[in-house]
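Structural overview
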Amino acid sequence: MVHSEDCSIIFRIKGILEFVCLLDDSNDAQCTISKTFQGLNSKVSSKNLVFTVSNSAVLIWPNNTFQSSMDSLTDTSTCGDILKYIEADNSESKKSSKKKDRKNSGPNVVNMKLLFEVTEPAGNGAPNLYTVIRQQHFVRMPLPMDCILSVTSNESLANACNVLVESLRKQLSDMEEVVIRCRKGSSLLVPQPFHFQLPEPTGLTTVIYPAGVPDSQLQGVREDLHKKFELPGDRPCLRRANAFRFPDEAYKDGYLRNPHVHLNPPNIDNAKLYLVQGVYSYHHYMQDRVNDDGWGCAYRSLQTIFSWFRQQGYAEMAVPTHTQIQQALVDVGDKEPNFFGSRQWIGSFEVQAVLNHLLGVTSKIMFVSHGSELASKGRELSNHFQTEGTPIMIGGGVLAHTILGVAWSEITGQIRFLILDPHYTGGEDLQIIIDKGWCGWKGPEFWDQNAYYNLCLPQRFKTI
């Protein structure tokens, strides 16, 4: 039995295997594909297989009675022993260590590469030559192997490597199934692995999708997987956008994701937290080389909400620009043509219209005649975050904000609002954003007590 205090480790091994075969138009094509995969399976099972541990000098031969380039790493070593050999770049971790809440740092990830020894004893046999008289197609494609294994630190390293080898063999089998299912004559699609964090006890699992086939055409595949893993049938869980992102994988678009996870919860007796579900990107003034200081806060809140639907796999469309938002409002007849290219404000009703026009998303509008009434909306807001889990846009007067959650006590009625402020004009500096309260918990006094407010509460649509 493993003790709960043992830290978890994720081994991730990546590499490229080359699929090479000759295909013809006969009924033997499927058999040829299977034989090619059998050959790759034998290669993975051979003594020539080598695991290299990234950012270290460690090499492991898992199929050769567990040999390692480090004398101290033997078949009795634990998985935790390998961490001391890894020379990771600590620049980001040093920044992150300053944060108040490190509960979201996650397990240690050991990145490994898949290699093979290329020097082998020469055989004694002479090469055989033969002639093929029928037309054949030479097929070569890369197989991007990507396997993961989650273990505890006291697990045997030798056992973990053996399981990784079996995972590679299993992934080859899954890839073979996808290649055969999606084959059109001699045209083959590259199988691509994606990892998903599913509810326990399943945890991290891998799904193979064919490259070039959009999510919209994989509905039946996902339906079968949702049934297999007992996942809800009304929201995306296994689209490519839902894929698990490892701690060392940075987003390339430059936007911060989920800054609120670095906050400590407010200190309210008997309060429960009701938070946005999933991932969003933080959009605020002055991003994307657009000077919208003073007029674009609702646009930015809309972009944050739109990013949520994109990150959760509901949409493949990119987050719209200010001009695209304005064009959408002109297209639906909400605005006159001269609105396009202007610096006019928008509000909750415009946000609702754009979400519906571009994504087909419906929204509920909550109206409060005075900001002081927001303190009494704990039940409605908590229910929204429990059932829908989407960010809320709130507009009042000349200001717009994004509500990401509430801390609310049903007993006392006390409430705090988790606010993402689009009025921030600085760079993507998480430390400043957290320390200066651009993303933070606010009390009821945050709202103008005498101003009216409209809240746009986007609703999920039922799809997988």
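Residues numbered from 1 in each chain as written. Predicted model: local features only at pLDDT ≥ 70, side-chain atom pairs only at ≥ 80, totals over all residues. Heavy atoms only, no water.

**Quick word on helix α8 (residues 378-387)**
Every buried residue belonging to α8 is among Gly 378, Leu 381, Ser 382, His 384 and Phe 385, and all of these are buried. Projection of α8 onto a plane perpendicular to its axis shows the buried side chains occupying an angular sector of 155°, all on one side. Close packing links the buried residues of α8 with β9 (272-275), β10 (363-368), β11 (392-396), β12 (399-408), β13 (415-420) and β15 (453-458). Looking one or two places after α8, you find Gly 389, whose phi comes out positive at around 75°. (Buried < 20%, exposed > 50% of the residue type's maximum accessible area, 1.4 Å probe, protein only. Helix = DSSP H or I, 4+ residues; strand = E, 2+ residues; numbered from the N terminus. Arc of directions from axis to C-beta. Contact = heavy atoms within 4.5 Å.)

**Section: the layout of surface pockets**
Taking a probe equal in size to a water molecule and rolling it over the atoms shows the remaining empty space. Volume-wise, the second largest pocket comes out at about 220 Å³. Forming the walls of the second largest pocket are 18 residues, and the residues nearest its centre are Ile 346, Gly 347, Gly 395, Gly 396 and Gly 397. For the lining of the second largest pocket, a count of residues per class yields 11 nonpolar, 6 polar and 1 charged. (1 Å grid on protein atoms, 1.4 Å probe; cavity = no way out; pocket = protein on both sides within 12 Å on 5 of 7 lines; lining within 4 Å. Points joined across faces, edges and corners; volume = space filled by probe spheres on them. Nonpolar A, V, L, I, M, F, W, Y, C, P; charged D, E, K, R; others polar.)

**Remarks on the sheet that holds strand β3 (residues 59-61)**
Taking strand neighbours across the sheet as the criterion, the 6 strands line up as β4-β3-β2-β5-β1-β6 in an open arrangement whose pairing is mixed. Looking along the sheet, the strands with just one partner apiece sit at the ends: β4 (67-68) and β6 (137-152). Contacting β1 (8-23), β2 (49-53), β5 (108-116) and β6, helix α1 (residues 29-44) runs over the sheet at an angle of about 135° to β1. Strands β1, β2, β3, β5 and β6 of the sheet are contacted by helix α3 (residues 157-181), whose axis makes an angle of about 140° with β6. (Pairing = 2+ DSSP bridges. Axes fitted to C-alpha atoms, helices over the stretch in contact; angles between N-to-C directions.)

**Some points on the state of the cysteines**
Counted under the stated rule, the structure contains 0 disulfides. With no disulfide of its own, Cys 182 lies closest to Cys 21 among cysteine sulfurs, the gap being 16 Å. Relative accessible area serves as the criterion here: at 18%, Cys 182 is assigned to the buried category. (Disulfide = S-S within 2.5 Å.)

**Quick notes on the confidence of the model for the protein**
When pLDDT is averaged along the protein, the result is 91, and 91% of the positions lie at 70 or above. The low-confidence segment residues 1-5 (pLDDT under 50) makes 2 contacts with residues lying over four places distant or belonging to another chain. (pLDDT = per-residue confidence, 0-100.)

**Considerations on unusual backbone geometry**
Here Glu 200 and Pro 201 are connected by a cis peptide whose omega angle stands at 10°. Of note, the phi angle at Asn 55 is positive, near 60°, even though the residue is not glycine. On the secondary structure map, Asn 55 appears in the loop between β2 and β3. At Arg 289, a position not held by glycine, the phi torsion is positive, near 60°. Following the sequence through the fold, Arg 289 ends up in the loop between β9 and α5 (297-311). Overall, Arg 289 belongs to the exposed group, its relative accessible area being 89%.

**Some points on the nonpolar core**
Residues Phe 11, Phe 19, Phe 51 and Leu 143 are the most contacted members of the largest nonpolar core, which totals 47 residues. Contributing elements (two or more residues each) for this core: β1, α1, β2, β5, β6 and α3. Here this core gets 11 residues from one element, more than from any other, and that element is α3. Ignoring anything within four residues of it in the chain, the contact list for Leu 143 reads Gly 15, Ile 16, Leu 17, Phe 19, Phe 37, Leu 40, Leu 172, Met 175 and Pro 191. Counting residues in each nonpolar core, the second largest holds 40 residues, with Tyr 282, Tyr 299, Leu 329 and Val 351 among its members. (Core = buried A, V, L, I, M, F, W, Y, C linked by side-chain atoms within 4.5 Å.)

**Things to note about the pattern of salt bridges**
A full pass over the atoms with the stated rule returns 15 salt bridges. Between Asp 334 and Lys 335 there is a salt bridge, and its shortest N-O distance comes to 3.9 Å. On the accessibility criterion, Asp 334 (36% relative accessible area) is partly exposed. Where salt bridges share partners, they join Arg 12, Asp 146 and Glu 249 into one cluster. (Salt bridge = Lys/Arg side-chain N within 4 Å of Asp/Glu carboxyl O.)

**A short note on the pairing of β1**
In regular strands, side chains alternate between the two faces of the sheet. Both β1 and β6 contribute to a ladder of 16 bridges, which runs antiparallel. Bridge assignment links Val 20 to a residue of β6, and that residue is Arg 140. Strand direction decides the pairing type here: β1 and β5, joined by 6 bridges, are parallel. Bridge assignment links Arg 12 to a residue of β5, and that residue is Asn 111.

**Some words on the packing of α5 against helix α7 (residues 348-359)**
Running from N to C, α5 and α7 cross one another at 35°; their axes reach a closest spacing of 11 Å. The two elements α5 and α7 meet at a crossing, and its hand is right-handed. Contacts from Ala 298, Leu 302, Ile 305, Phe 306 and Phe 309 in α5 reach Val 351, Val 354, Leu 355, Leu 358 and Leu 359 in α7. (Left-handed = near helix turned anticlockwise from the far one by under 90°.)

**A look at the environment of Val 279**
Here Val 279 shows up in the loop between β9 and α5. Look at Val 279 and you get partly exposed, because its relative accessible area is 24%. If we ignore the near neighbours within four places in the chain, the residues touching Val 279 are Tyr 251, Arg 257, Asn 258, Ser 307, Trp 308, Gln 311 and Gln 312.

**Overview of the packing of α5 against helix α6 (residues 322-331)**
Where α5 meets α6, the closest approach of the two axes is 10 Å, and the angle between their N-to-C directions is 90°. In terms of axis orientation, α5 runs roughly perpendicular to α6. In contact with Tyr 299, Arg 300, Leu 302 and Gln 303 of α5, α6 contributes His 322, Ile 325 and Gln 326. Considering only residue class, the contact of α5 with α6 consists of 3 nonpolar, 3 polar and 1 charged. (Parallel < 35°, antiparallel > 145°, perpendicular 65-115°, else oblique.)

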